[in-house]
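Residue-level structural notes
Each chain, letter by letter, is given below.
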Amino acid sequence: MSVMKRVSLIFKAKANKALDKYEDPRETLDYSYQRQLEMLTQVRRGVADVATSRKRVELQMNSLQQQQAKLEGQAKQALGAGRDDLARDALTRKSSLQTQLTDLQTQYQSLQADEEKLTSASQRLQSRVEAFRTQKETIKATYTAAEAQSRIGEAVSGISEEMGDVGMAVQRAQDKTAQMQARAGAIDELMASGALDDVTGTPHDDIQAELDRMGGGHDVDLELARLKGELSQGEAPREIEGSGAGGAASQGQAQASRPAQSADQPQAGDGS
Amino acid sequence: MIVRILGEGQFEVDDAATSELNILDAQLEAAVNANDDQAFRSALDALVSRIRVLGTALPDDALEPSTLILPDAEATMDNVREMLSGEGLIPG
């Protein structure tokens, strides 16, 4: 069992080092217990760091979603005013925010998973530290130094392995959290500067820009169509009410298309 | 025997599973030696999921050292190399 055997030997060597440190093995118990308490503090701090990072990402997700809602509102407004070009612009910005949002969602899930893992690791360690403390007191009260040797060896090896495991998990989570904090900071700065609102401000190479335009353009067209649908549904009843009884449906349509018509052909509006 | 999956805890596994785990472990080692990332991933996945199925989790207050220790399911080949190269990495 090569890999698993080798990893376990490395953990054992670490435990033996701790056991060899003191002449009286009972001193090892106290020393190990101190280390356990320190490790518990470290794990709890790790859990708190990951939670803070997760909350920050959550806040950023919320404000990106608000920004998207705002852009959609602007798109509707623009369409209502017959400004398809402005609506398209707003929807394009909205679609570019989606990339950031998807990235944040991935980070959020990863942080959530880390938080759960560390929380249960912290609970495991806590239970083992309590078990160790009980055993430590029993060993100290019952056995002479010579008799205690083997029992101490087992307890210390067991807990030392747990601490190594938890310690590695905390280190890894903290490295990852630090990276994410840096990225979150960058997004905060982008948001503050308003760069995320402006698609043209994002650096892209030409081909990517072209691809984005093709890929994103389709979405924007679909959304334009959807919003137009919503608008015409929403406006039809109002027009019916305003125009009285006869020929309501066709008149409603004529009303809705009038702004575009009158812009192109003022004389048609005068004639009617 | 007791097997630990790093980051997950300890499992009691019947000794009868030894030869099966041996084969999977040999595949993992071969993948690390061959520097084959894809083989490494599938060997580690196979080993981790086999131990999860075969094993029973040890109670939280257990203080027993493990017979075997397996890197965590998300470990990369570099993580495993670092782990095998020395004890400097292991805190505690």
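Calculation criteria
- Residues numbered from 1 in each chain as written.
- Chains lettered and ligands numbered in written order.
- Predicted model: local features only at pLDDT ≥ 70, side-chain atom pairs only at ≥ 80, totals over all residues.
- Heavy atoms only, no water.
- Pairing = 2+ DSSP bridges.
- Helix = DSSP H or I, 4+ residues; strand = E, 2+ residues; numbered from the N terminus.
- pLDDT = per-residue confidence, 0-100.
- Contact = heavy atoms within 4.5 Å.
- Buried area = accessible area lost by both parts, 1.4 Å probe.
- Salt bridge = Lys/Arg side-chain N within 4 Å of Asp/Glu carboxyl O.
- Polar contact = N/O pair within 3.5 Å; in protein donor to acceptor, adjacent residues only side chain to side chain.
- Nonpolar A, V, L, I, M, F, W, Y, C, P; charged D, E, K, R; others polar.
- Buried < 20%, exposed > 50% of the residue type's maximum accessible area, 1.4 Å probe, protein only.
- Axes fitted to C-alpha atoms, helices over the stretch in contact; angles between N-to-C directions.
- Parallel < 35°, antiparallel > 145°, perpendicular 65-115°, else oblique.
- Left-handed = near helix turned anticlockwise from the far one by under 90°.

Some points on the sheet that holds strand S4 (residues 68-70) of chain B
Residue and element names in this part refer to chain B. Strand order in the open sheet formed by four strands is S3-S2-S1-S4, and the pairing between neighbours is mixed. Of all the strands in the sheet, the pair left with one neighbour each is strand S3 (56-57) and S4. Across three bridges, the pairing between strand S1 (residues 2-5) and S4 is parallel. Across the sheet, the residue bridging to Arg4 is Ile69, located in S4.

Focus on the confidence of the model for chain A
In low-pLDDT segments, the atomic positions of the prediction should not be examined closely. Residues and elements named next belong to chain A. Confidence along chain A averages 78 in pLDDT terms, with 76% of residues attaining 70 or more. Considering only residues more than four positions removed or in separate chains, one finds that residues 198-211, a stretch of pLDDT under 50, has six contacts. Across residues 239-272, confidence stays below pLDDT 50; counting only partners more than four residues off in sequence or on other chains, it has five contacts.

Here we look at the interface of chain B and chain A
On the chain A side, the residues contacting the 43 residues of chain B number 38 residues. Taken together, the two surfaces of chain B and chain A that pack against each other cover about 3,700 Å², and 59% of this comes from carbon and sulfur. Between chain B and chain A we count six salt bridges in total. The partner of Lys117 of chain A in a salt bridge is Glu74 of chain B, and the shortest N-O contact between them spans 2.8 Å. Remark: the boundary between chain B and chain A carries 19 residue pairs in polar contact (both at pLDDT 80 or more). Secondary structure elements with two or more residues in the side of chain B that touches chain A: S1, strand S2 (9-12), helix H1 (18-34), helix H2 (37-54), S4 and helix H3 (77-85) of chain B. No other element matches H1 of chain B, which puts seven residues into the side of chain B that touches chain A. Of the residues that constitute the side of chain B that touches chain A, the class distribution is 23 nonpolar, ten polar and ten charged.

What about the pairing of S1 of chain B?
Residue and element names in this part refer to chain B. What you see with S1 is no split at all: Ile2 and Arg4 on one side and Val3 and Ile5 on the other are buried throughout. In this structure, S1 lies alongside S2, joined through four bridges in antiparallel fashion. Paired with Val3 across the strands is Phe11, a residue of S2.

Re the pattern of salt bridges
Under the definition given, this model contains 29 salt bridges over all chains. Between Glu58 of chain A and Arg54 of chain A there is a salt bridge whose closest N-O contact spans 3.6 Å. Taken together, the positions of Glu58 of chain A and Arg54 of chain A, both in helix H2 (residues 25-80) and four residues apart, correspond to about one turn of that helix. For Glu161 of chain A, the salt bridge identified is with Arg4 of chain B, shortest N-O distance 2.5 Å. In this pair, Glu161 of chain A sits in helix H4 (residues 145-193) while Arg4 of chain B sits in strand S1, so the two residues belong to two different chains. Classification of Glu161 of chain A by relative accessible area gives buried; the value is 4%. Arg4 of chain B sits in the buried class, given a relative accessible area of 0%. Through salt bridges with shared partners, a single network forms among Glu72, Lys76, Lys94, Glu223, Arg226 and Glu230 of chain A.

Here we look at the side chain of Gln10 of chain B
Along the chain, the position of Gln10 of chain B falls in strand S2. Among the polar contacts listed, one links the side chain of Gln10 of chain B to the side chain of Ser66 of chain B, at a separation of 2.9 Å. Ignoring anything within four residues of it in the chain, the contact list for Gln10 of chain B reads Arg128, Glu161 and Glu162 of chain A together with Ile2, Val3, Arg4, Thr56, Ala57, Leu58, Glu64, Pro65 and Ser66 of chain B.

Observations concerning the packing of H1 of chain B against H2 of chain B
Residues and elements named next belong to chain B. Interaxial distance between H1 and H2 falls to 8 Å at its minimum, and their mutual angle equals 155°. The pairing of H1 with H2 is recorded here as roughly antiparallel in orientation. The two elements H1 and H2 meet at a crossing, and its hand is left-handed. Along its contact with H1, which presents Glu20, Leu21, Leu24, Asp25, Gln27, Leu28, Ala31 and Val32, the element H2 presents Ala39, Phe40, Ala43, Leu44, Ala46, Leu47, Arg50, Ile51 and Leu54. Here the residues of the contact of H1 with H2 are counted per class, giving 13 nonpolar, one polar and three charged.

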